[in-house]
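Structure assessment
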Amino acid sequence: MLELHPIEDKDWPVSLEEVRDTFAGRLNVYRVMAHHPALLAAWAPLREHVVLKGALGKQRSEIVILRTGVRTGSSYEWAHHVSRGRACGISDARLASIAGPLDAMEPGDRILCAAVDELFARHRLSPSLQEEVVQLAGTDGLLDLMATVGFYTVLGFILGSFNVPLEPEITEELAKNPLPAGVSRTP
């Protein structure tokens, strides 16, 4: 089995120097992706849009990312985005609901998570679900939802294939502030 470990600073590709001190150097998933410098360089602009500038807004984006983490079985993404979800004001109860059945979620979260589930199950969204997402987040939000699911699915493939370790600061944060008892399930 091929093992790709996060690249250390001393081995960081010269062609990626400009992104080492940004997102790429902070997260192990990108330190693994740095084994293919051209891919990581091409990834950066899409990441900028999906993560920072998308039409879904911070909370809705986190809901979509968390559900994608559930669907890809990525405890790494789950842990990171529980932390980020909390940082943008999502309650623990709401975060925990994202790992569960649709009928246990808030109405807007239910629409977003149903869309993620349908993309995984059918590789497309039904017209009725498209309309629900458009009513919730607009046409740009619909397209950004699809892009976010695709983006984080690729990261899920990398994370699952290479057993990428969680960063110590996230492990420590979640050890100090786990999800409420009975709902601490990670994918």
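Residues numbered from 1 in each chain as written. Predicted model: local features only at pLDDT ≥ 70, side-chain atom pairs only at ≥ 80, totals over all residues. Heavy atoms only, no water.

Going by the annotation in an unreviewed UniProt entry, the name recorded for the protein chain is Carboxymuconolactone decarboxylase, with Pannonibacter phragmitetus given as the source organism.

**Details of the nonpolar core**
With 31 residues, the main nonpolar core has Val64, Trp78, Val82, Ile98 and Leu145 as its most contacted residues. Those elements that place two or more of their residues in this core are α5 (57-72), α6 (75-87), α8 (107-122), α9 (127-162) and α10 (168-176). Examining the composition of this core, we find that seven residues originate from one element, α8, more than from any other. Those residues in contact with Ile98, other than ones at most four positions away along the chain, are Ile63, Leu66, Arg67, Val70, Trp78, Met105, Asp109 and Cys113. (Core = buried A, V, L, I, M, F, W, Y, C linked by side-chain atoms within 4.5 Å. Buried < 20%, exposed > 50% of the residue type's maximum accessible area, 1.4 Å probe, protein only. Helix = DSSP H or I, 4+ residues; strand = E, 2+ residues; numbered from the N terminus. Contact = heavy atoms within 4.5 Å.)

**Structural notes on empty space enclosed by the protein**
Across all of its chains, the model carries one cavity of 30 Å³ or more by this definition. Approximately 70 Å³ is the volume found for the largest cavity. Lining the largest cavity, in full, are Leu27, Val29, Tyr30, Arg47, Tyr76, Glu77, His80, His81, Arg84, Tyr152 and Leu155. Those elements that place two or more of their residues in the lining of the largest cavity are α3 (28-33), α6 and α9. Residue classes in the lining of the largest cavity are distributed as six nonpolar, two polar and three charged. (1 Å grid on protein atoms, 1.4 Å probe; cavity = no way out; pocket = protein on both sides within 12 Å on 5 of 7 lines; lining within 4 Å. Points joined across faces, edges and corners; volume = space filled by probe spheres on them. Nonpolar A, V, L, I, M, F, W, Y, C, P; charged D, E, K, R; others polar.)

**Topic: the side chain of Asp117**
Positionally, Asp117 belongs in helix α8. With sequence-adjacent residues up to four places away left out, Asp117 is seen in contact with Arg67, Arg71 and Leu102.

**Observations concerning α9**
Its 36 residues give α9 an end-to-end C-alpha distance of only 36 Å, which falls more than 12% under 52 Å, the value for a rise of 1.5 Å per residue. Ala137 marks the point of greatest bend in α9, at about 115°. Positioned one or two residues after α9, Asn163 has a phi angle of 50°, which is positive. (Expected span 1.5 Å × (residues − 1). Bend = angle between axes of the 7 residues up to and from the residue.)

**Considerations on the environment of Val133**
Summarising the element assignment, Val133 is placed in helix α9. Along the backbone, Val133 and Leu143 are ten residues apart, and their C-alpha atoms lie at a distance of 9.6 Å. With sequence-adjacent residues up to four places away left out, Val133 is seen in contact with Ile111, Ala115, Gly138, Leu142 and Leu145.

**So, the layout of surface pockets**
Of the voids in this model, the largest pocket is the one considered here, and its volume is about 300 Å³. Together, 19 residues line the largest pocket, and Val51, Leu52, Lys58, Ser61 and Glu62 are the ones closest to its centre. Counting residues per element, the ones that place at least two in the lining of the largest pocket are α4 (37-53), α5, α6 and α9. Per-element accounting of the lining of the largest pocket gives the leading share, five residues, to α5. Here the lining of the largest pocket is built from residues that sort into nine nonpolar, five polar and five charged.

**Considerations on the packing of aromatic side chains**
Summed over the entire model, instances satisfying the criterion amount to three aromatic pairs. Relative to Tyr30, the ring of Phe23 has its centre 4.9 Å away and its plane inclined at 85°; by these criteria the two rings are edge-to-face. According to the relative accessible area criterion, Phe23 is buried, its value standing at 7%. Following the ring pairs from residue to residue traces out a cluster consisting of Trp43, Phe151 and Tyr152. (Phe/Tyr/Trp six-rings, centres within 6.5 Å; stacked < 30°, edge-to-face > 60°.)

**What about the packing of α5 against α6?**
Contact geometry for α5 and α6: axes closest at 9 Å, N-to-C directions at 160°. Judged on the interaxial angle alone, α6 and α5 are roughly antiparallel. In the crossing of α5 with α6, the sense of the turn from one axis to the other is left-handed. On α6, the residues touching Glu62, Ile65, Leu66, Gly69 and Val70 of α5 are Glu77, Trp78, His81, Val82, Arg84 and Gly85. (Axes fitted to C-alpha atoms, helices over the stretch in contact; angles between N-to-C directions. Parallel < 35°, antiparallel > 145°, perpendicular 65-115°, else oblique. Left-handed = near helix turned anticlockwise from the far one by under 90°.)

**Details of α5**
With 16 residues, α5 extends 22 Å between its outermost C-alpha atoms, agreeing within 8% with the 22 Å of an ideal straight helix rising 1.5 Å per residue. Regarding α5, the residues found buried are Ser61, Glu62, Ile63, Val64, Ile65, Leu66, Arg67, Thr68, Gly69 and Val70. In this fold, the buried residues of α5 make contact with α4, α6, α7 (92-97), α8 and α9. Immediately beyond the C-terminal end of α5, within one or two residues, lies Gly73, with a positive phi of roughly 70°.

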